[in-house]
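Tertiary structure, described
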Amino acid sequence: MASSLTKDSVRPGTPGSEKTFFGHPRGLATLFMTEMWERFSYYGMRALLPLYLVAPGGLHLNAGTATAIYSVYVSLVYLLALPGGWVADRFLGPRKTVAFAGLIIMLGHLCLALPAAVSFFVGLGLVAIGSGLLKANISTMVGHLYKGPDDPRRDGGFTLFYIGINAGAFAAPLVIGTVGENVNWHFGFALAALGMALGLAQYLLGSRHLSEKSDVVPTPMSADEKSATLRKGLTWLAIAAVFYAVVGFTGHFTLNWALIPLTVIGLIVPIVVIARIRRDKDLDAAERSKVSAYVWFFVAAAVFWMIYDQGGSTLSIFASESAKNTIFGWGFPVSWYQSVNPVMIMALAPVCAWLWLWLNRRGQEPSTIVKFASGLVLIGASFFVFLAPLSIAEGGHKAAAMWMVGIYFVQTIGELTLSPVGLSVTTKMAPKKYASQMMGVWFLAVTAGDSFTALLSNPAVGGVNLDKTGFVALEAVLAVIAGVAVWMYRGRVNKLMGDVH
């Protein structure tokens, strides 16, 4: 142990090293750039995805099917974060897992760049798998760079890391979206592959600056466990392969044979995971009470993300067909709307953080449950704003671009009210046994919300036109009602939360 600590004390980029990145361990620069390029590739591809799905030069699908595909894809990214953490914990450790994730993402984008429907859907699957593996582990590696939770640089380090996320998300639609829409869809997807390749290259070159903790496999599997897990995995894979081979060879296969099972999985898994944690006999009464309170936050978050993530599908498709997409006479690609949220996050997040501190000093900071209720009301309000451009379009006119910007602005305020608070309350309310797994449970709220959107929009199931005035108004009303309900029951929820405030 002593020799390991001595080695760590002189290793570049770890706590105690003289070489720093804005006063932080050098390893933060490696992870910052990796996440920035990964977000560049992910958000660039995501900005193009719904537009490509409906475009005559793309797959030329109807809006309902395109929204269902988009929603299932996003739900899978967050669903796979759970097994992504498991792979690192039991098999590879975070560092190797992130390296493999980057490679898988890059290959996925290359598949998307090929002009064939089969390779396109294979690419989507690969990007979802890689994103799930990376998302679950890269934040953990940031934490490894510091001397525990009390390191005074820790919060600042995560703030810098968060800037990297949003910098990549902001630039991606401007670059990848422009090339994809104005030059060639597949060139855009190829640019996403290039972005991930750059991120992977600098990650491998800079990995020497990471903490040695990131190489550790926390709970490695025994040889017998690995064999049993491999057998189970291959068995389920064989069952799926045989089933889909029969469906395909009999001429019955359609896209919904893949979409609907994935949608159902996205709805069932969150329920099963939370129920299993709630029923765990190892939890004491206080922990079980906190899990019961957490269900309120989880459901509220699922409703929030159900509407919020339509910013990349329903709103984007509407803008491509029914918005002017010009400002002061200057036209821009539809995908550029996806840069509005990250630039607003970077501008408003410091303001929001300062506001909570200012209110806290005066004893007026809203409770967690009130912040959640506010987030729900705001996301509902964003769809009330959406009713205006919808009405303009129904009158035979194209809506001004600023209507779309206004919707994204209200949604961003809602995100800042709910999302960071949700991350914080998840760590505070997690039972000790599930301390690391609860962050994956938080991501499952996104999975549940997007899966519900996919179920509604799929023509073979719900067949709902999500960009019609009646349904948008219904979603807005339901979100506001949910926010009011959470606020009305705040006393009960606070009681269940116990010593968490």
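Cut-offs and rules
- Residues numbered from 1 in each chain as written.
- Predicted model: local features only at pLDDT ≥ 70, side-chain atom pairs only at ≥ 80, totals over all residues.
- Heavy atoms only, no water.
- UniProt positions renumbered as here; feature names shortened; annotations may be inferred.
- Phe/Tyr/Trp six-rings, centres within 6.5 Å; stacked < 30°, edge-to-face > 60°.
- Helix = DSSP H or I, 4+ residues; strand = E, 2+ residues; numbered from the N terminus.
- Buried < 20%, exposed > 50% of the residue type's maximum accessible area, 1.4 Å probe, protein only.
- Lys NZ or Arg CZ within 6 Å of the ring centre and 35° of its normal.
- Patch = residues over 30% accessible without salt bridge, like charges linked within 9 Å, V, L, I, M, F, W, Y side chains within 5 Å.
- Areas by Shrake-Rupley, 256 points an atom, 1.4 Å probe, with all protein chains shown as cover.
- Salt bridge = Lys/Arg side-chain N within 4 Å of Asp/Glu carboxyl O.
- pLDDT = per-residue confidence, 0-100.
- Contact = heavy atoms within 4.5 Å.
- Domains from an automatic or database assignment.
- Polar contact = N/O pair within 3.5 Å; in protein donor to acceptor, adjacent residues only side chain to side chain.

Per an unreviewed UniProt entry, the recorded name for the chain is Amino acid transporter, and the organism is Streptomyces cellostaticus. The UniProt entry for the chain carries this comment under Sequence similarities (unreviewed entry): "Belongs to the major facilitator superfamily. Proton-dependent oligopeptide transporter (POT/PTR) (TC 2.A.17) family."

Further remarks concern the packing of aromatic side chains. As enumerated under the stated definition, the model contains 28 aromatic pairs in all. Taking 5.8 Å as the distance between ring centres and 55° as the angle between the ring planes, the aromatic pair formed by Phe21 and Phe32 counts as tilted. With Phe21 in strand S1 (residues 20-21) and Phe32 in helix H2 (residues 27-54), this residue pair connects regions lying 11 residues apart in the sequence. Ring centres of Trp305 and Tyr308 lie 5.2 Å apart, and the angle between their planes is 90°; on these two criteria the pair is classed as edge-to-face. With a gap of 3 residues between them, Trp305 and Tyr308 both fall in helix H11 (residues 285-308), about one helical turn apart. Assessed through its relative accessible area of 8%, Trp305 is described here as buried. Three or more aromatic residues joined by ring pairs form one cluster here, namely Tyr52, Phe120, Phe121, Trp185 and Phe189. A cation over a ring is seen here: Lys371 above Trp356, with NZ or CZ 4.3 Å from the ring centre.

A cluster of nonpolar side chains, contributed by Val377, Val484, Trp487, Met488 and Tyr489, occupies part of the molecular surface with about 480 Å² of accessible area. Of the residues forming the nonpolar patch, the biggest block, 3 residues, is contributed by helix H17 (residues 469-488). Residue position: Val484 is located in helix H17.

Moving on, we come to the confidence of the model for the chain. Averaged over the chain, the pLDDT score is 89; the fraction of residues at 70 or greater is 95%. In the model, residues 1-17 has pLDDT below 50 throughout and makes 29 contacts with residues more than four positions away in sequence or in other chains.

Quick look at the domain arrangement of the chain now. On domain assignment, one finds that the chain holds domain 1 (22-220), domain 2 (224-252) and domain 3 (254-500). Placing a centre on the C-alpha atoms of domain 1 and another on those of domain 2 gives a separation of 27 Å.

Glancing now at the pattern of salt bridges. According to the stated counting rule, one finds 7 salt bridges in the structure shown. The salt bridge involving Glu38 is made with Arg39; its shortest N-O contact spans 2.7 Å. Of the two residues examined, Glu38 and Arg39, each falls in the buried class. Across the pair Glu225 and Arg90 runs a salt bridge, and its minimum N-O distance is 3.3 Å. Of this pair, Glu225 sits in helix H9 (residues 223-249) while Arg90 is found in helix H4 (residues 81-92), placing the two residues 135 residues apart along the sequence. Through salt bridges that share partners, Glu35, Glu38 and Arg39 make up one connected network.

Looking now at the side chain of Arg39. Among the secondary structure elements, Arg39 is positioned in helix H2. Owing to a relative accessible area of 3%, Arg39 belongs among the buried residues under this scheme. Within the local environment of Arg39, its side chain forms a polar contact with the side chain of Glu38, the two groups lying 2.7 Å apart.

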